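Tertiary structure, described
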Amino acid sequence: MPSFTDKLTVGGHEMDMYASVPSGSGPFPAVVIAFHIGGLDEFDKAMADRLAAEGYVAVVPDLFHRYTEEQMSGPRIERLNYLSDADIIADCNAAVSFLESNSAVDSNRIGMTGFCMGGRIAWLMAAVNPTFKATVPYYGGHIMLSWGGSAQTPFDLTSKINCPMMFHFGATDGNPSPDDRVKLDAELTRLGKDHQFFEYAGAGHAFMDFTNPDRHHEGAAAESWPRTLEFFATHLK
């Protein structure tokens, strides 16, 4: 199962992108991964490798590629202050274009997932790029906020989502909170959007992140991941 880091050009900036590819000739379905606040790190690469082992080309674009060393060296939570929805959309669309032009990929079977801030991005991209056939946000917060001066929040764009969604929540998470979950569910239901929501007792934010022992919840991770794989298999395979 080969993996590599490629370089894409987005708006004059060079962006790293980690890619993991199944063994064999393909063409394979593919999944774009929007990373968590830790950036393009061990966790996100491992999730890409897990998806490749299941038969998906998986890519993780480095959404922090415009950041300075100073911005990256500060507290991780401050990284959110420099994000722009317009830049995020451009970066994720560049990853999609890479997949669509790759002969190993079936361009009609591309999905998206994301963790933490990436869960928000997965919601956003499902609304702005009709390429995606399925999306799986994990504990995506700030869906009702815009980043970088965008006129609309991901929540405002919910009516434009036209692919099935599976959303995983930690029951003790504060962002997205239980109240957020109710509002998100109600809006998708009101608009007739195909979605499934799962909440995991005892789990908080970042429960999938095995690199963070303070947050990782083994039970929630073990229960949610097979659901994600089954969901992708249904809609992408």
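The notes below deal with the structure included here. Quick caveat, the model's predicted, so the values are computed rather than measured. The numbering scheme is per chain: residues are counted from 1 as the chain's sequence reads. Selection of residues for local features in this predicted model requires a pLDDT of at least 70, selection of side-chain atom pairs for listing and counting requires 80 or more, and totals for whole chains, interfaces and linings are taken over all residues. The basis for the side-chain values is all heavy atoms of the structure; hydrogens and waters are excluded.

1. Some points on the overall build of the chain
To qualify as a helix, a DSSP run of H or I must reach at least 4 residues; to qualify as a strand, a run of E must reach at least 2; elements of each kind are numbered from the N terminus. What the chain contains, in helices and strands, is six helices and eight strands. In terms of overall dimensions, the chain is globule-like: its C-alpha atoms have a radius of gyration of 16 Å, near the 18 Å expected for 237 residues. With respect to the principal axes defined by its C-alpha atoms, the chain has extents near 45 × 40 × 35 Å. A buried classification covers 55% of the 237 residues belonging to the chain. Restricting to contacts in the chain with at least 6 residues of sequence separation, those with at least 24 account for 72%. As a reference, a globule follows 2.2 Å times the number of residues to the power 0.38, and the radius of gyration itself is taken over C-alpha atoms. Buried means the residue's accessible area, taken with a 1.4 Å probe over protein chains only, is under 20% of the maximum for its type, while exposed means over 50%, and partly exposed covers the values in between. Contacts were defined at the residue level, with two residues in contact if any of their heavy atoms lie within 4.5 Å.

2. A word on the packing of aromatic side chains
A pair of aromatic rings is counted whenever rings of Phe, Tyr or Trp (Trp by its six-membered ring) have centres within 6.5 Å, and the orientation is called stacked for planes under 30 degrees apart, edge-to-face for over 60 and tilted otherwise. A complete count under the given rule lists 16 aromatic pairs for this structure. Summarising the aromatic geometry, the rings of Trp123 and Phe167 are spaced 6.1 Å apart at their centres and angled 65° between planes, so their arrangement reads as edge-to-face. Highlighted residues: Trp123 in helix H4 (residues 117-128) and Phe167 in strand E7 (residues 165-170), separated in sequence by 44 residues. Residues Trp123 and Phe167 agree in their burial class; the two are buried. Note on Phe167 and Phe169: the rings are 4.1 Å apart at their centroids and 10° apart in plane angle, and the pair reads as stacked. Judged by relative accessible area, Phe167 falls into the buried class, the value being 0%. Among the aromatic side chains, those forming a connected cluster through ring pairs are Phe43, Phe115, Tyr138, Tyr139, Tyr200, Phe207 and Phe210. To sit over a ring, a charge needs its Lys NZ or Arg CZ within 6 Å of the ring centre and within 35 degrees of the ring normal. Across from the ring centre of Trp225, 6.0 Å away, lies the NZ or CZ of Arg50, which sits over that ring. Sitting over the face of the ring of Trp147, Arg120 holds its NZ or CZ atom 3.8 Å from the ring centroid.

3. So, unusual backbone geometry
In this chain, Gly26 is followed by Pro27 through a cis amide linkage whose omega measures 5°. Counting through the fold element by element, Pro27 comes out in the loop between strand E2 (13-20) and strand E3 (28-34). Phi is positive for Tyr139, close to 40°, though the residue is something other than glycine. Looking at where Tyr139 falls in the secondary structure, it is placed in the loop between strand E6 (132-138) and E7. Its relative accessible area of 1% is what places Tyr139 among the buried residues. The phi dihedral of Ala206 falls on the positive side, at around 65°, and the residue is not glycine. Structurally, Ala206 can be placed in the loop between strand E8 (195-200) and helix H6 (218-236). For Ala206, a relative accessible area of 9% corresponds to the buried category.

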